[in-house]
Amino acid sequence: MRRSTAAALGTLTGAALIVGVRLSVSAPEVPVAAAPAAEDVPAADPPPAKGGEAGAAASGKKKEADKKEEPAEEEGKFKNGTYEASAKYVYGTIEIQLKVTKGKVSGVEVGYPTANDSGTINPPAVAKLKQATLKAQSAEVDAVSGATLTSEAYVKSLQAALDKAA
């Protein structure tokens, strides 16, 4: 009888300590840096052509051709505007507002659950996913470790918004 009482008391004490520690830990503040806008990133110049005058003439022709094609390249593959989509998952709903400028994804705003552990997990995960989206210009972004379900819902919502923009 004493052993079972001691075992039960030990189990309850251990559980209380674990819950107490879990409740006392606060979420660290994570600074979110804004990704540079697409217009702020300078375009890389092509390397100079080799071969003397023939190379200079060829590069001159190429530069003229590039100038003619430049507006089509600047258009991007999406229609300009703002597009919204959402995806539900076990912890709530991920809502995305996608901004397209000059045919490219220029901004992503995300609404996500913040209750319980989601308040600790989602903010840094969504920040990484947003940066990856702006870099990839597609829904082909890697999942964030420790936030797999959030990442999957984000990608599903992002793909739906990109489909609307296509």
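A short tour of the structure in this document, coming up. This structure is a prediction, so every number in the text was calculated from the model and none was measured.

Quick word on the overall build of the chain
On a plain count of helices and strands, the chain comes out with four helices and three strands. Ordering the α and β elements of the chain from the N terminus gives α-α-β-β-β-α-α. Looking at the chain as a whole, 23% of its 166 residues qualify as buried. Residue pairs in contact within the chain that sit at least 24 positions apart in sequence constitute 50% of those at least 6 positions apart. For the chain, the accessible surface area stands at approximately 12,000 Å², while carbon and sulfur atoms represent 56% of it.

Quick word on the sheet that holds strand 2 (residues 92-101)
Read across the open sheet, the three strands follow the order 1-2-3; overall the sheet is antiparallel. Sheet topology places strand 1 (81-89) and strand 3 (104-111) at the edges, where each strand pairs with a single neighbour. Going across the sheet, the axis of each strand differs from the next one's by a mean of 20°, ignoring polarity. Each of strand 1 and strand 3 is contacted by helix 3 (residues 118-136), which is oriented at about 165° to strand 3, the strand it contacts most. On top of the sheet, helix 4 (residues 148-165) reaches strand 1, strand 2 and strand 3; it is set at about 145° to strand 1, its chief contact.

A closer look at the nonpolar core
Soluble globular proteins tend to bury their nonpolar side chains together. Counting residues in each nonpolar core, the largest one holds 25 residues, and the members touching the most others are Ile96, Leu98 and Tyr154. When contributions to this core are tallied by element, the ones reaching two or more residues are strand 1, strand 2, strand 3, helix 3 and helix 4. Broken down by element, this core gets its largest block of residues, six residues, from helix 4. Those residues within four positions of Leu98 in sequence are excluded, and the remaining contacts are Gly81, Thr82, Tyr83, Val105, Gly107, Val108, Leu158, Ala161 and Leu162.

Some thoughts on the packing of aromatic side chains
By the definition in use, this model includes one aromatic pair. With 5.9 Å between their ring centres and 75° between their planes, Tyr89 and Tyr91 make a pair best called edge-to-face. On the basis of relative accessibility, which here comes to 14%, the residue Tyr89 falls in the buried class. With a relative accessible area of 54%, Tyr91 lands in the exposed category.

Details of helix 4
Here helix 4 is 18 residues long and its end C-alpha atoms lie 25 Å apart, about the 26 Å a rise of 1.5 Å per residue gives. For helix 4, the full list of buried residues reads Thr150, Ser151, Ala153, Tyr154, Ser157, Leu158, Ala161, Leu162 and Ala165. Where helix 4 is buried, its residues contact strand 1, strand 2, strand 3 and helix 3.

Here we look at unusual backbone geometry
Residues other than glycine seldom take positive phi values, yet Lys102 does so here, at roughly 55°. Of note, Lys102 is situated in the loop between strand 2 and strand 3. By relative accessible area, which is 41% here, Lys102 ends up partly exposed. For Gln137, which is not a glycine, the phi torsion comes out positive at approximately 55°. If you trace the backbone, Gln137 turns up in the loop between helix 3 and helix 4.

Cut-offs used in this document
- Residues numbered from 1 in each chain as written.
- Predicted model: local features only at pLDDT ≥ 70, side-chain atom pairs only at ≥ 80, totals over all residues.
- Heavy atoms only, no water.
- Helix = DSSP H or I, 4+ residues; strand = E, 2+ residues; numbered from the N terminus.
- Buried < 20%, exposed > 50% of the residue type's maximum accessible area, 1.4 Å probe, protein only.
- Contact = heavy atoms within 4.5 Å.
- Areas by Shrake-Rupley, 256 points an atom, 1.4 Å probe, with all protein chains shown as cover.
- Pairing = 2+ DSSP bridges.
- Axes fitted to C-alpha atoms, helices over the stretch in contact; angles between N-to-C directions.
- Core = buried A, V, L, I, M, F, W, Y, C linked by side-chain atoms within 4.5 Å.
- Phe/Tyr/Trp six-rings, centres within 6.5 Å; stacked < 30°, edge-to-face > 60°.
- Expected span 1.5 Å × (residues − 1).

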